[in-house]
Amino acid sequence: MSSGLSARVLKVMSVFGGVQALGVLCSIVRIKFVALWLGPAGIGLFGIFNGAADMLKTLTQLGFRDSSVRDVVAHRSSPSLGTIVTVIRRWGFILGILGAVVMAGAAPLLSLKTFGNYDQTLSFVTLGLALFLMSLSSAEQALMQGMERLRGLAKASVFGMVAGLAVSLPMYRFWGLSSVVPSIIAYTAATCAALIWYRVRGIKAPAPVTLADTLSTGRRFIVLGVYMTSADFIAQLVSYIFLSWLNMGAGGSEVGYYQAGFTIINRYIGMVLTAMVVEYYPRLSSALPYPRRIPVFVAHEMSLLLLVIVPAVLLLISLAPWVVSLLYTADFAVTVPFVTLAMTGVLFRAMSCALAYVILAKGDGITYLVTESLSAATALVLNIGAYRLCGLGGLGVSYTLWYFAYFVIVSAVYTRRYSMRLPRRTMLLAAGSVLMVCGCSLLALCFDSLIILPAAVIAAIVCLRALYRLIARRRGSR
């Protein structure tokens, strides 16, 4: 089962990894032109407005994007699937309207607390349209993921990203800093249009779905979603508080430098995690009736993630100065220590992700709320303390310590609450990977980053050989 599962997971990861790679390419082009035409202040504004949108999206969508996937998986072979499809789409529309209204109401306060005046109130109000479109997109994504329409989801993502980029670039050139909010709306509109074009079709409810049916059926995933929303909102709020604190204390350029480094860490390395979750979360949810399968899936997923991510992390460490210069401008070189020191945290983030999705698959909302709240509080304290002590470079250390703490938290839940264990082999692989990446990060900072390039190449060869053996073993067993 392990070899067959490896091939399946790697196939899905390769498809969505390709999608994410295209997203990275689009982001490279997008951010490069923002850096050239709008400068660090433009990067900072993108971070602030996207942070506000993500924060209120989390608050108003009630976590239904992830929580509803469980219901779709549970009813895939049931006659009531059509009802579930209708209910999820209706909730997407309702929560989208809610998001736009809340954003409009909060706009004056957001402008005052972020910029110290009310000049950006209209910008925040307009941003509410993006929240509405995001909610419609979330409904279609949940349906496609739960029903394993992954190819259609991949195509929609590709066309959405390309169209969003094509629409956004002229805005940056001709509108300058005024293009930030319109470009965010244009990007979300392109994504939403692509998802609607490729959406799940031909599934109808066996009987008309009333408003009462919509509320009662949706209650199953909304209750879990409320816990998820509370946890995610706290995380987004903490992130927004830190960005606002940094903006008020150090200026928009410093926010831009931080946002640039954070984007490299989360978006370009995190694309592997995004590709993994698409297949991993529904698989965990479908394994709930068979509890013994869950530890096997978790250990397997964690091992695969490490084999894929470690070479990429080492390569990024060795080429960090050139990557930052390519993606942004020479002015952003101050972010290199931040990116380099945060790479060990990327490993802890990947391992934590494999464990945390067990909590969601089980529908354990209270536990999820507690773990994510502890993580958010830890992040805020570490970020502020590290920046005051060491500036941007210190934020790389705080990132690693943050996800190490998060890994400890979710590991305690996994072992104590669910009585599951990670195999010794997986733990040894994890420990060796962390020591290797941590050592290479320190070498890159103390000497020249290219000194670890041979280690990155060797690690890539070893990991690729291990992955190839898994695939070959499956082919040989046929």
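Residues numbered from 1 in each chain as written. Predicted model: local features only at pLDDT ≥ 70, side-chain atom pairs only at ≥ 80, totals over all residues. Heavy atoms only, no water.

Now for a nonpolar patch on the surface. Judged by side-chain polarity, Val-223, Tyr-227, Ile-366, Val-370 and Leu-374 come together as a nonpolar surface patch covering roughly 410 Å² of accessible area. Residue contributions to the nonpolar patch peak at 3 residues, all from helix H14 (residues 365-390). Tracing the backbone shows Leu-374 in helix H14. (Patch = residues over 30% accessible without salt bridge, like charges linked within 9 Å, V, L, I, M, F, W, Y side chains within 5 Å. Areas by Shrake-Rupley, 256 points an atom, 1.4 Å probe, with all protein chains shown as cover. Salt bridge = Lys/Arg side-chain N within 4 Å of Asp/Glu carboxyl O. Helix = DSSP H or I, 4+ residues; strand = E, 2+ residues; numbered from the N terminus.)

One can find Thr-60 in helix H2 (residues 39-60). The class for Thr-60 is buried, based on a relative accessible area of 3%. A polar atom in the side chain of Thr-60 sits 2.8 Å from the backbone oxygen of Leu-56. Among residues more than four places away in sequence, those in contact with Thr-60 are Leu-95, Leu-98, Gly-99 and Val-102. (Buried < 20%, exposed > 50% of the residue type's maximum accessible area, 1.4 Å probe, protein only. Polar contact = N/O pair within 3.5 Å; in protein donor to acceptor, adjacent residues only side chain to side chain. Contact = heavy atoms within 4.5 Å.)

As a further point, take helix H7 (residues 180-197). End to end, H7 covers 26 Å across 18 residues, agreeing with the expected 26 Å (1.5 Å per residue, within 8%). H7 sits mainly inside the fold: 13 of its 18 residues count as buried. (Expected span 1.5 Å × (residues − 1).)

What follows covers the confidence of the model for the protein. Predicted confidence across the protein gives a mean pLDDT of 82, with 92% of residues reaching 70 or more. Mean pLDDT across the elements of the protein bottoms out in helix H1 (residues 2-37) (67) and peaks in helix H15 (residues 392-417) (92). pLDDT under 50 marks residues 474-478. Its contacts with residues more than four places away, or in other chains, come to 3 contacts. (pLDDT = per-residue confidence, 0-100.)

Located in the positive-phi region is Ser-419, a residue other than glycine, with phi close to 55°. For Ser-419, the position within the fold is in the loop between H15 and helix H16 (424-446).

This part covers the nonpolar core. The nonpolar side chains of soluble globular proteins are, as a tendency, buried together. Among the nonpolar cores identified, the biggest contains 110 residues, and Leu-284, Val-298, Ile-309, Tyr-328 and Met-343 are the most heavily contacted of them. The leading source of residues in this core is helix H13 (residues 336-361), at 19 residues. In this view, Val-298 contacts Tyr-280, Leu-284, Ala-354, Leu-355, Val-358, Tyr-414 and Leu-422; residues no more than four positions away in its chain are not counted. The next biggest cluster of nonpolar side chains, apart from the first, holds 24 residues, and it includes Phe-64, Leu-81, Met-144 and Ala-156. (Core = buried A, V, L, I, M, F, W, Y, C linked by side-chain atoms within 4.5 Å.)

So, on to the packing of helix H11 (residues 293-318) against helix H12 (residues 320-327). Where H11 meets H12, the axes come as close as 5 Å, and the angle between the chain directions of the two elements is 80°. In terms of their interaxial angle, H11 and H12 are classed as roughly perpendicular. Contacts from Leu-316, Ile-317 and Ser-318 in H11 reach Ala-320, Pro-321, Trp-322 and Val-323 in H12. Across the contact of H11 with H12, the residue classes break down as 6 nonpolar, 1 polar and no charged. (Axes fitted to C-alpha atoms, helices over the stretch in contact; angles between N-to-C directions. Parallel < 35°, antiparallel > 145°, perpendicular 65-115°, else oblique. Nonpolar A, V, L, I, M, F, W, Y, C, P; charged D, E, K, R; others polar.)

An α-helix turns once per 3.6 residues; consequently, residues spaced three or four apart project the same way. Between its first and last C-alpha atoms H16 spans 33 Å; for 23 residues at 1.5 Å apiece the expected length is 33 Å, and the two agree. Among the residues making up H16, those that are buried are Thr-426, Ala-430, Ser-433, Val-434, Val-437, Cys-440, Ser-441 and Ala-444.

Our next topic: the packing of aromatic side chains. Counted under the stated rule, the structure contains 18 aromatic pairs. When the ring of Phe-242 is compared with that of Tyr-258, the centres are 5.2 Å apart and the planes differ by 75°; the resulting orientation is edge-to-face. With Phe-242 in helix H8 (residues 211-250) and Tyr-258 in helix H9 (residues 252-268), this residue pair connects regions lying 16 residues apart in the sequence. With a relative accessible area of 8%, Tyr-258 lands in the buried category. Every member of this aromatic cluster is reached through a ring pair, and the members are Phe-242, Trp-245, Tyr-258, Phe-262, Phe-338, Tyr-387, Tyr-399, Trp-402, Tyr-403 and Tyr-406. Over the ring of Phe-297 we find Arg-283; its NZ or CZ atom is 4.8 Å from the centre of that ring. (Phe/Tyr/Trp six-rings, centres within 6.5 Å; stacked < 30°, edge-to-face > 60°. Lys NZ or Arg CZ within 6 Å of the ring centre and 35° of its normal.)

Turning our attention to the packing of helix H3 (residues 64-74) against helix H10 (residues 271-286). Remark: H3 packs on H10, axes separated minimally by 9 Å, with the N-to-C direction vectors making an angle of 55°. For the element pair H3 / H10, the angle class is oblique. For the pair H3 and H10, the crossing hand works out as right-handed. Taking contact as the criterion, the partners of Asp-66, Ser-67, Val-69, Arg-70 and Val-73 in H3 are, on H10, Tyr-281, Pro-282, Ser-285 and Ser-286. For the contact of H3 with H10, a count of residues per class yields 4 nonpolar, 3 polar and 2 charged. (Left-handed = near helix turned anticlockwise from the far one by under 90°.)

Residue placement: Ser-68 occurs in helix H3. Those residues in contact with Ser-68, other than ones at most four positions away along the chain, are Ile-88, Ala-142 and Phe-221.

Right, let's get into the environment of Ala-35. Within the secondary structure layout, Ala-35 lies in helix H1. Between the alpha carbons of Ala-35 and Tyr-328 there is a distance of 5.8 Å; along the sequence they are 293 residues apart. With near-sequence residues (within four places) excluded, Ala-35 lies in contact with Ile-43, Tyr-328, Thr-329 and Phe-332.

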